[in-house]
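# Observations on the model geometry
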Amino acid sequence: MAQVLDLNSIRSVLVRLEDTIIFSLIERAQFSRNARTYEPGAFATELLGWQGSWLEWILLGTEQFQSKARRYQSPDEYPFSKESDLPEPVLPPLEYEPVLHEPAITNVNDKIMAFYTHDIVPSITKSGDDLNYGSTATRDVETLQAVSRRVHYGMFVSESKYRADTETFNKAIKAKDVKTLESLITKPEVEAALLKRLERKARHYGQDESQGGSLHDMKVDPEVVVRMYRDHVIPLTKQVEVEYLLKRL
Ligand SMILES: C=C(O[C@@H]1C=C(C(=O)O)C=C[C@H]1O)C(=O)O
């Protein structure tokens, strides 16, 4: 009998990542849109002969260095770059107690990159170009990695739910019944509480209590944060949960 995986402690990680993600969005919002950061073949090609975007170049370099520090041997970390482009760690492998079912692991970072660059960046930044391409890409990488951790943590949620009711899940998995799996993993009350908490946090962070008002430059629009979770983060987390279950047996 597989060991119980405590869903409440898993959910507390998701709550903590809300703060990380809101603060990383606030940091990114300090700079202009700097659309050239995301354009393949813009200045990154002139400068580096790199065919992708400046962000992709910075992301690859960051992930290659972090891969040497064993980042991607952790079961809650998934790279945006191709695994074949990442070097082996310089540190010896850590012996993790296997929690996730390895063949069921899925990587949806391409979808995270798409919604972040096409929807979120334009929603939290002022239009224009302030030439801060280094800071822009650095803040983008921090935000993308935090959102990636949050979405892929859905596999731990899924494993916990699976272990708590294996028989019910096995029936739906064997029937490839996606609708039933979606219904089994969906907790509307958890989602509703999360969106309310998120709105409160985003409204509060960046406030200067001593001045009684908000530091306008230190904030992101709480509605954008709520929309990001409602329309992208939560649906993608649930997709990860279902895709994980479909490959669980
Ligand atoms: C993450 C969970 O699974 C689903 C996804 C949620 C989310 O992404 O916030 C919240 C509740 C569930 O619908 C959970 O049950 O906590």
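As recorded by an unreviewed UniProt entry, the protein carries the name Chorismate mutase and is attributed to Wallemia hederae. UniProt annotates the protein under Pathway (unreviewed entry) with the comment "Metabolic intermediate biosynthesis; prephenate biosynthesis; prephenate from chorismate: step 1/1."

Within the protein one finds ten helices and two strands. Compactness check: the protein gives a C-alpha radius of gyration of 19 Å against a globular reference of 18 Å for 249 residues, within 12% of the reference. C-alpha atoms of the protein, sized along the principal axes, occupy 55 × 45 × 30 Å. Per-residue burial over the protein gives 47% buried out of 249 residues. In the protein, 73% of the contacts between residues at least 6 apart in sequence involve partners at least 24 apart. In the structure as shown, the protein presents an accessible area of about 12,700 Å², 56% of it carried by carbon and sulfur atoms. Distance between charge centroids for the protein: 4 Å, based on 32 positive and 38 negative side chains.

Take the packing of helix α6 (residues 154–164) against helix α10 (residues 222–246) next. In the contact formed by α6 and α10, the axes pass within 8 Å of each other and the chain directions differ by 50°. Compared by their axis directions, α6 and α10 come out oblique. For the element pair α6 and α10, the recorded crossing hand is right-handed. Listed contacts from α10 to G154, M155, V157, S158, E159, K161 and Y162 of α6 are T237, V240, E241, Y244 and L245. Across the contact of α6 with α10, the residue classes break down as six nonpolar, three polar and three charged.

Around the ligand sit 15 residues, and of these R11, R150, K161, E191 and E241 come closest. Within the backbone of K187, an N or O atom sits 2.9 Å from an oxygen atom of the ligand. In the complex, the protein chains occlude 99% of the 360 Å² of accessible area that the ligand would expose alone. Of the pockets mapped on this structure, the ligand occupies the second largest pocket. Every element with two or more residues in the shell around the ligand is listed here: α1 (7–28), α6, α9 (188–204) and α10.

Before going further, it helps to spend a moment on helix α4 (residues 109–124). Residues three or four positions apart in an α-helix share a direction because the helix packs 3.6 residues into each turn. Y116 marks where α4 bends most, by close to 40°. In this structure, the buried residues of α4 make contact with α1, α3 (54–68), α5 (133–152) and α10.

Another aspect to go through is the layout of surface pockets. One water molecule sets the probe size; rolling that probe over the atoms shows where empty space is left. Of the volumes computed, that of the largest pocket is approximately 360 Å³. Grouping the amino acids of the lining of the largest pocket by side-chain chemistry returns eight nonpolar, four polar and four charged. Forming the walls of the second largest pocket are 19 residues, and the residues nearest its centre are R11, L14, R150, V190 and L194. Among the secondary structure elements, those contributing two or more residues to the lining of the second largest pocket are α1, α6, α9 and α10. Examining the composition of the lining of the second largest pocket, we find that five residues originate from one element, α9, more than from any other. Taken together, the residues of the lining of the second largest pocket sort by class into eight nonpolar, two polar and nine charged.

The next subject is the pattern of salt bridges. Applying the stated criterion across every chain yields a total of 18 salt bridges. A salt bridge links R248 to E159; the shortest N-O distance between them is 2.7 Å. Of this pair, R248 sits in the segment after α10 while E159 sits in helix α6, placing them 89 residues apart in sequence. Its relative accessible area of 14% is what places R248 among the buried residues. Residue E159 is classed as buried on the basis of its relative accessible area, which comes to 0%. Shared partners join several salt bridges into a network, and the residues in it are E18, D19, R197 and K201.

Moving on: the packing of aromatic side chains. Summed over all chains, the structure comprises six aromatic pairs. Ring centres 5.3 Å apart and planes at 45° place the aromatic pair F43 and W54 in the tilted group. Of this pair, F43 sits in helix α2 (residues 43–48) while W54 sits in helix α3, and the two are eleven residues apart along the sequence.

Reading the values: the criteria
Residues numbered from 1 in each chain as written. Predicted model: local features only at pLDDT ≥ 70, side-chain atom pairs only at ≥ 80, totals over all residues. Heavy atoms only, no water. UniProt positions renumbered as here; feature names shortened; annotations may be inferred. Helix = DSSP H or I, 4+ residues; strand = E, 2+ residues; numbered from the N terminus. Rg over C-alpha atoms; globule rule 2.2 N^0.38 Å. Buried < 20%, exposed > 50% of the residue type's maximum accessible area, 1.4 Å probe, protein only. Contact = heavy atoms within 4.5 Å. Areas by Shrake-Rupley, 256 points an atom, 1.4 Å probe, with all protein chains shown as cover. Lys, Arg positive; Asp, Glu negative; His and termini not counted. Charge placed at Lys NZ, Arg CZ, Asp CG, Glu CD. Axes fitted to C-alpha atoms, helices over the stretch in contact; angles between N-to-C directions. Parallel < 35°, antiparallel > 145°, perpendicular 65-115°, else oblique. Left-handed = near helix turned anticlockwise from the far one by under 90°. Nonpolar A, V, L, I, M, F, W, Y, C, P; charged D, E, K, R; others polar. Near = heavy atom within 4 Å. Polar contact = N/O pair within 3.5 Å; in protein donor to acceptor, adjacent residues only side chain to side chain. 1 Å grid on protein atoms, 1.4 Å probe; cavity = no way out; pocket = protein on both sides within 12 Å on 5 of 7 lines; lining within 4 Å. Sits in = over half its atoms within 2 Å of the grid points. Bend = angle between axes of the 7 residues up to and from the residue. Points joined across faces, edges and corners; volume = space filled by probe spheres on them. Salt bridge = Lys/Arg side-chain N within 4 Å of Asp/Glu carboxyl O. Phe/Tyr/Trp six-rings, centres within 6.5 Å; stacked < 30°, edge-to-face > 60°.

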